Amino acid sequence: MDLHLDSIRHAYGSVAVLEDISLTIPSGRIVCVIGPSGCGKSTLLRLIGGLERPASGAILQGGDPPAGCLNPLTFIFQDFALLPWRSVAGNVSLALEDHGLPNAETERIIGDVLARTKLSDFRDALPKQLSGGMKQRVAIARALAVNPAVLLMDEPLSALDSQTRALLMEDLVGLWTRRPFTAVYVTHNLQEAVLLGHEIVVLSRRPGRVREIVKLETPLQDRRVGDPDLEREQQRLWSLMREEAQAADQELIDV
Amino acid sequence: MSEATASRNAPDTADTGKRVAFRGGGFAPTRKRWIGPLLFILLILLIEWGTRTGVISNLTLPRPSDVLATFVELWDSGLLWKHLGPSLGRLAVGATLGVGAGVAIGVLIGLFSYVRAGLTPLVAAIFPIPKIALLPLFVIWFGIDEGSKYALIALGTFTPTVVAAYGAVDNVDRSLIRMGQSFNLSWFSIVRKIVLPGAMPGILSGLRVSLAIGIILLVAAEMLGAEYGVGAYILEAGSLYDLERLFAGVTILSVLGVLVNASVGAIERRLLNWRV
Ligand SMILES: Nc1ncnc2c1ncn2[C@@H]1O[C@H](COP(=O)(O)OP(=O)(O)OP(=O)(O)O)[C@@H](O)[C@H]1O
Ligand SMILES: [Mg+2]
């Protein structure tokens, strides 16, 4: 299932946040979205996921979600959004309970996704007993449980320390290479963008417009930190971003 | 290399500099079981000592040992249960009605804007009315017997519960509700699995206040026309200026308050063990 954004425009009151965004999110690929702070990345993701309505423009699904998909557009949030009163398994099962699956099937899915995110030993732990990295893995497990057609991730790793982040990046790449999924990945971190993105969408400062779309052809599993090609790409993205970020800062000072 | 030297030097910092003062203490309530009872006993011993030596005159305060003797007498004669039984029944029925309706209405106010717009002013108008002032009205509406007492306690516990419940629903983490919506949970599932558990801490702390108010109103109701009940007992003692019996009655109320508070605490520890 792919997604098409057709000249999306959005404003909060009189503040225009997004202007004329047209994008295609191709099936089976990861699209990273970067842009200066406040340019509307999170807003764009909420629009794509149907949590908010765009002021104008349309978001279209191309094709049907694959069979067995319980929740086509599934979020992974920056702040994990786990229910603190439910155990790890309970948090995963929350996403399944409304679908009327037989108990055995629910159990099988929970066991499967917890194994895939290496959480089997923590089934019955409460969120307060988990580290930040583990909490985000629970959120990833919960998202995988509904077999999403498109994963919408809003800075999923930015609340974590750099070591945990590197490990979870490897997990994400591993999950994708084993079974490719479609994803929109919003991030501040240019390194994450070049390691994970098949396409990188650079947004301008607010109101966000598509400034450039960079396509990276290197297969995900061959991308390494320190690879000269990727470094060069990252450097170029940074110079694009820098102008925007500086201009955005300047605007704030002028206000 | 430099790290190794640093850690080897650590033990004799005493002669190389001043120890960094600890200033991170406090602001973290911990459970101290014995402080409460200890303070209580000390206070009673002080009064006992004061009344025995005459520092406190017999008209000011009764002697704690005399109050205890009255209490034992009350127990032996079986009158204690004759008074306490009806009181507990009234509190249980009235508070269950009031708290139950309060939680239900409070959650509805929290969930629906129309209910909120309609009922919050009404609740704000009822809240400050001293409910005891309405007792004569309740007697006409619900009869002089138990009905008016139930109604008084129910109304008195209802308003604080409503306010606590809708405040608690308002305080439920919106990002969790968003999460529920993003997984396509039904409205009913979101309420049952996210809103209600998330509001539970606020509802339970409101319960402490409501039940204490319930006890106050219980006594007030029993002072106006009841043959048996802690309130009737206290009223009778008061009109005879029998300080020992008055204080025995008041002690029963205090113990009731402590017990209610402790049971809410126990429920909180069970239901809210997920809290950090
Ligand atoms: N619910 C809202 N109501 C009003 N304004 C909002 C709302 N949500 C976001 N905004 C505004 O819209 C703009 C874009 O916000 P958004 O959170 O999408 O930015 P972002 O690109 O995700 O920023 P960051 O990189 O800091 O996460 C900001 O100026 C913000 O103040
Ligand atoms: Mg954001």
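The shown structure was predicted, so the numbers you read here are calculated from the model rather than taken from an experiment.

**A short note on the nonpolar core**
Core analysis: the biggest nonpolar cluster contains 133 residues, and Ile30(A), Tyr185(A) and Ile200(A) have the highest contact counts within it. Tallying contributions element by element places helix H9 (residues 187–223) of chain B first for this core, with 13 residues. Those residues in contact with Tyr185(A) that sit more than four places away from it in its chain are Ile30(A), Val31(A), Cys32(A), Val33(A), Met153(A), Pro156(A), Leu157(A), Met169(A), Leu172(A), Glu192(A) and Leu196(A). Core analysis: the second largest hydrophobic core is formed by five residues, Val123(B), Phe158(B), Val162(B) and Tyr166(B) among them.

**Description of the sheet that holds strand S1 (residues 2–12) of chain A**
Residue and element names in this part refer to chain A. Strand order in the open sheet formed by three strands is S2-S1-S4, and the pairing between neighbours is antiparallel. Looking at strand neighbours, the two that pair on one side only are strand S2 (15–25) and strand S4 (56–62), the edges of this open sheet. Between one strand and the next, the sheet's axes are offset by a mean angle of 15°, whatever the strand orientation. Pairing of S1 with S4, which is carried by six bridges, proceeds in the antiparallel orientation.

**Comments concerning the sheet that holds strand S7 (residues 182–186) of chain A**
Residues and elements named next belong to chain A. Strand order across the open sheet formed by six strands is S5-S6-S7-S3-S8-S9, with mixed pairing between neighbours. Edge positions in the open sheet fall to strand S5 (73–76) and strand S9 (210–215), since each of these has one partner strand only. Neighbour-to-neighbour, the strand axes of the sheet open up by a mean angle of 20°, direction not taken into account. The pairing of S5 with strand S6 (residues 150–154) spans four bridges and is classified as parallel. Its bridge partner being in S6, Thr74 is matched across the sheet by Leu151. Contacts from helix H4 (residues 132–145) reach S5 and S6 within the one sheet, and its direction differs from that of S5 by about 175°.

**As for the confidence of the model for chain B**
The predicted structure's coordinates, where accompanied by low pLDDT, should not be read in detail. Residues and elements named next belong to chain B. Looking at chain B, pLDDT values average 89 and 95% of them are 70 or higher. The low-confidence segment residues 1–5 (pLDDT under 50) makes zero contacts with residues lying over four places distant or belonging to another chain. Under the prediction, the complex receives an ipTM of 0.89, its pTM being 0.84.

**What to know about helix H5 (residues 162–178) of chain A**
Working note: α-helix, 3.6 residues per turn, so residues spaced by three or four point in the same direction. Residues and elements named next belong to chain A. In this model H5 runs 24 Å from its N-terminal to its C-terminal C-alpha over 17 residues, within 8% of the 24 Å that 1.5 Å per residue would give. On the buried face of H5, the contacting elements are strand S3 (30–34), helix H3 (103–116), H4, S7 and helix H6 (190–196). The N-cap residue of H5 is Asp161: its side-chain oxygen and the backbone nitrogen of Gln163 are 3.2 Å apart.

Calculation notes
Residues numbered from 1 in each chain as written. Chains lettered and ligands numbered in written order. Predicted model: local features only at pLDDT ≥ 70, side-chain atom pairs only at ≥ 80, totals over all residues. Heavy atoms only, no water. Core = buried A, V, L, I, M, F, W, Y, C linked by side-chain atoms within 4.5 Å. Buried < 20%, exposed > 50% of the residue type's maximum accessible area, 1.4 Å probe, protein only. Helix = DSSP H or I, 4+ residues; strand = E, 2+ residues; numbered from the N terminus. Contact = heavy atoms within 4.5 Å. Pairing = 2+ DSSP bridges. Axes fitted to C-alpha atoms, helices over the stretch in contact; angles between N-to-C directions. pLDDT = per-residue confidence, 0-100. Expected span 1.5 Å × (residues − 1). Polar contact = N/O pair within 3.5 Å; in protein donor to acceptor, adjacent residues only side chain to side chain.

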